[in-house]
Amino acid sequence: MPPAAAILLGYLLGSIPFGVLLTRLGGAGDLRQIGSGNIGATNVLRTGRKGLAAATLLLDLAKGAAAVLLADWLFPGTAVLAGMGAFLGHCYPVWLRFRGGKGVATLMGIVVALHWPSGLVYAAVWLGLLAALRISSLAGITAAISAPVSAAFWGRIDLVLLLLALALIVLWKHRENIDRLLSGTEPRIGKKRE
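All figures in this text were calculated on a predicted structure; none of them were measured in a lab.

**Thoughts on helix H7 (residues 116-133)**
Here is step 1 of the chain: Between the first and last C-alpha of H7 there are 25 Å, a value that for 18 residues agrees with the 26 Å anticipated at 1.5 Å per step.
Here is step 2 of the chain: For H7, the full list of buried residues reads Pro 117, Ser 118, Gly 119, Tyr 122, Ala 123 and Trp 126.
Here is step 3 of the chain: For H7, the elements touching its buried residues are helix H4 (50-74), helix H6 (104-114) and helix H8 (136-153).
Here is step 4 of the chain: In the segment just after H7, Arg 134 is the residue with positive phi, at about 60°.

**Overview of the packing of aromatic side chains**
Here is step 1 of the chain: Per the counting criterion, the structure on display carries two aromatic pairs.
Here is step 2 of the chain: Pairing Tyr 122 with Trp 126 gives two aromatic rings, centres 6.2 Å apart and planes at 90°, and the pair type is edge-to-face. With Tyr 122 and Trp 126 both in helix H7 and four residues apart, the pair spans about one turn of that helix.
Here is step 3 of the chain: Overall, the relative accessible area of 0% leaves Tyr 122 in the buried class.
Here is step 4 of the chain: We classify Trp 126 as buried; its relative accessible area is 10%.
Here is step 5 of the chain: Ring geometry for Phe 153 and Trp 154: centres 5.5 Å apart, planes at 85°, overall edge-to-face.

Definitions and cut-offs
- Residues numbered from 1 in each chain as written.
- Predicted model: local features only at pLDDT ≥ 70, side-chain atom pairs only at ≥ 80, totals over all residues.
- Heavy atoms only, no water.
- Helix = DSSP H or I, 4+ residues; strand = E, 2+ residues; numbered from the N terminus.
- Expected span 1.5 Å × (residues − 1).
- Buried < 20%, exposed > 50% of the residue type's maximum accessible area, 1.4 Å probe, protein only.
- Contact = heavy atoms within 4.5 Å.
- Phe/Tyr/Trp six-rings, centres within 6.5 Å; stacked < 30°, edge-to-face > 60°.

Take a look at the structure:
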């Protein structure tokens, strides 16, 4: 029962669509009808509400970390399962007909809670590339890929398989962005999508 409970706990926490809730409460409309239709912070930023975007980013990150830490407290030894559940909940929330976000912020929260040194690498890669290139998708994809590599470097082999699987889902969720990156048409933050 504890493993199943940890997965369910993680999924329920991860599936809270903070971007949708905050934009609706903030009077910015239905996020799914704006920009890319994605429920994450980058799309919230397209509403012009930087405060809502920052709150979405922090809450999406926090729910990943909270799932891991809460499950580990309630059901010791199930942190990895809760992290997996939270990530899947964010990407495929039942409340939104399984059309969720791309998982970058939630994955960072999970990585930080599971192994903070890898979480620091994740944050440095993500924020560093975002500041340098201003291409959200490229920064997020690269940060996600850094997670299993960093875990392996630090000797956390127990986390590598999970983080590799989650990074592959991040890549899958960004497949349209990858096509645009390859064609040179991926928009930069601060520029409107065409």
